[in-house]
Amino acid sequence: MGRIDTTFSALKTQGRKALIPFVTAGYPYADVTPELMHAMVAGGADVIELGVPFSDPSADGPVIQKAGDKALAFGIGLVQVLAMVREFRQTNSTTPVVLMGYANPVERYDQKHAKSGISSPFVKDAAEAGVDGVLIVDYPPEECEAFAADLRAHGMDLIFLLAPTSTDERMAQVARVASGYVYYVSLKGVTGSGALDVGAVEAMLPRIRRHISTPVGVGFGIRDAATAQAIAKVSDAVVIGSKIIQLLEDQPRDQVGATVQTFLREIRTAMDQG
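Residues numbered from 1 in each chain as written. Predicted model: local features only at pLDDT ≥ 70, side-chain atom pairs only at ≥ 80, totals over all residues. Heavy atoms only, no water.

Looking at an unreviewed UniProt entry, one finds the chain named Tryptophan synthase alpha chain, with Rhodoferax saidenbachensis as its source organism. UniProt's Subunit (unreviewed entry) comment on the chain is quoted here verbatim: "Tetramer of two alpha and two beta chains." The Function (unreviewed entry) field of the UniProt record for the chain holds the comment "The alpha subunit is responsible for the aldol cleavage of indoleglycerol phosphate to indole and glyceraldehyde 3-phosphate." (UniProt positions renumbered as here; feature names shortened; annotations may be inferred.)

Per the secondary structure count, the chain includes 12 helices and 9 strands. The C-alpha atoms of the chain give a radius of gyration of 17 Å, which matches the 19 Å a tight globule of 274 residues would have. Across its three principal axes, the chain shows a C-alpha extent of roughly 50 × 45 × 35 Å. Residues classed as buried in the chain amount to 54% of the 274 residues present. When the accessible area of the chain is evaluated, it comes to approximately 11,500 Å², of which 49% is carbon and sulfur surface. Here the chain contributes 25 positive and 31 negative side-chain charges, whose respective centroids are spaced 3 Å apart. (Helix = DSSP H or I, 4+ residues; strand = E, 2+ residues; numbered from the N terminus. Rg over C-alpha atoms; globule rule 2.2 N^0.38 Å. Buried < 20%, exposed > 50% of the residue type's maximum accessible area, 1.4 Å probe, protein only. Areas by Shrake-Rupley, 256 points an atom, 1.4 Å probe, with all protein chains shown as cover. Lys, Arg positive; Asp, Glu negative; His and termini not counted. Charge placed at Lys NZ, Arg CZ, Asp CG, Glu CD.)

Backbone-to-backbone hydrogen bonds pair the strands of a sheet. The strands run either parallel or antiparallel. The strand order across the open sheet formed by 9 strands is E5-E4-E3-E2-E1-E9-E8-E7-E6, and the pairing between neighbours is parallel. In this open sheet, the two strands that pair with only one neighbour each are strand E5 (157-158) and strand E6 (161-162). In this sheet, strand E3 (residues 97-101) lies alongside strand E2 (residues 48-51) in parallel orientation, the contact comprising 4 bridges. Within E3, the residue paired with Glu49 across the bridge is Val98. Helix H9 (residues 198-211) rests against E6, strand E7 (182-185) and strand E8 (216-219) of the sheet, and its axis sits at about 150° to E8. (Pairing = 2+ DSSP bridges. Contact = heavy atoms within 4.5 Å. Axes fitted to C-alpha atoms, helices over the stretch in contact; angles between N-to-C directions.)

What follows deals with the packing of H9 against helix H10 (residues 225-234). Two elements in contact, H9 and H10, have axes separated by 9 Å at closest approach and are oriented at 25°. Between H9 and H10, the crossing angle belongs to the class labelled roughly parallel. In the packing of H9 onto H10, the handedness of the crossing is right-handed. Facing H9, whose interface residues are Val198, Val201, Glu202, Leu205 and Arg209, H10 presents Ala230, Ile231 and Val234. The class makeup of the residues in the contact of H9 with H10 is 6 nonpolar, no polar and 2 charged. (Parallel < 35°, antiparallel > 145°, perpendicular 65-115°, else oblique. Left-handed = near helix turned anticlockwise from the far one by under 90°. Nonpolar A, V, L, I, M, F, W, Y, C, P; charged D, E, K, R; others polar.)

Core analysis: the biggest nonpolar cluster contains 93 residues, and Met40, Leu99, Phe122, Phe147, Tyr184 and Ile208 have the highest contact counts within it. Considering every element that reaches this core, the biggest residue donor is helix H12 (residues 256-273), with 7 residues. Setting aside residues up to four positions removed in sequence, Phe147 forms contacts with Phe122, Val123, Val134, Ile136, Tyr139 and Leu158. (Core = buried A, V, L, I, M, F, W, Y, C linked by side-chain atoms within 4.5 Å.)

A few words now on the packing of aromatic side chains. Per the counting criterion, the structure on display carries 5 aromatic pairs. Centre to centre, the rings of Tyr183 and Phe220 are 5.9 Å apart; their planes meet at 85°, and the pair counts as edge-to-face. Of the two residues, Tyr183 sits in strand E7 while Phe220 sits in the loop between E8 and H10, which places them 37 residues apart along the sequence. You'll find Tyr183 and Phe220 in the same group, each marked buried. The ring centre of Tyr29 lies 5.8 Å from the NZ or CZ of Lys70, which sits over that ring. (Phe/Tyr/Trp six-rings, centres within 6.5 Å; stacked < 30°, edge-to-face > 60°. Lys NZ or Arg CZ within 6 Å of the ring centre and 35° of its normal.)

Here we come to the UniProt feature "active site" (unreviewed entry) in the chain. The UniProt feature table records "active site" (unreviewed entry) at Glu49 and Asp60. Its place among the elements puts Glu49 in strand E2. Not counting residues within four places of it along the chain, the set of residues in contact with Glu49 comprises Ile20, Pro21, Phe22, Val23, Val98, Met100, Tyr181, Tyr183 and Val239. Examined against the element boundaries, Asp60 turns out to sit in the loop between E2 and helix H3 (62-73).

Moving on: the environment of Ala226. On the secondary structure map, Ala226 appears in helix H10. Of the residues examined, Ala226 reaches a relative accessible area of 54% and is grouped as exposed. Along the primary structure Ala226 and Asp272 are separated by 46 residues, whereas in three dimensions their C-alpha atoms are 12 Å apart.

With that out of the way, let us pick up the pattern of salt bridges. For the coordinates displayed, the defined rule picks out 12 salt bridges. Arg268 serves as the salt-bridge partner of Asp46, at 2.5 Å between the closest nitrogen and oxygen. Pair noted here: Asp46 is in the loop between helix H2 (33-43) and E2 and Arg268 is in helix H12, with a separation of 222 residues, a long-range link. Residue class for Asp46 comes out buried when judged on its relative accessible area of 13%. (Salt bridge = Lys/Arg side-chain N within 4 Å of Asp/Glu carboxyl O.)

Here it is as structure tokens:
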């Protein structure tokens, strides 16, 4: 089993749910990300989602868009993101890392690093860096079976989003290629928008599980311990992104890690008390 499957299996044995924080790579300071990832683990993170900065992030609201713009201004691209994962892996060999982003940076990376006999330099380099999963927002399942197979051949999972509007047909398509976990977007709209309806999430998850055998994480709209606790009762994982970005916005460099660690510890405690 890969690190993602191992993590979810261990949590299931313990009767616990996964905490999956998200942060944009290179935010709020260009060099802080590996340190921040370690702080997330210390705060109780089970899996880390690392956002790859992109200039046109269609699924992200203004908070994460702003973070991405700042990271891009620092010169953070996919090359730098993979270097951050490699640095994290020097002292953490167990916590899964998922890259979350868009098709353009991946395809541009493959163009710039094309080598004879290698179908996807990104897949090869991501695996060597220690990446465990990839979530490409604008890759529909019916168009990326070869990409999913290439990832699996290199020990990585392809993770997909599902939404309140997802049809049974779409869920079946996702089930054919997804591995690791699926990420249920609990709201219609972009990240950081709207108020979370826990009842609607609870009603949707059995329908998803009729099609999807991998764990189901829920994100978009989870901002505090109470909502995280409620979602943890009905899902396999809780994903938190925009709130973390907001907490970091005005933090001095030396407070970034401590701020996130304290916040996640509160979330983790609530989830475990659920």
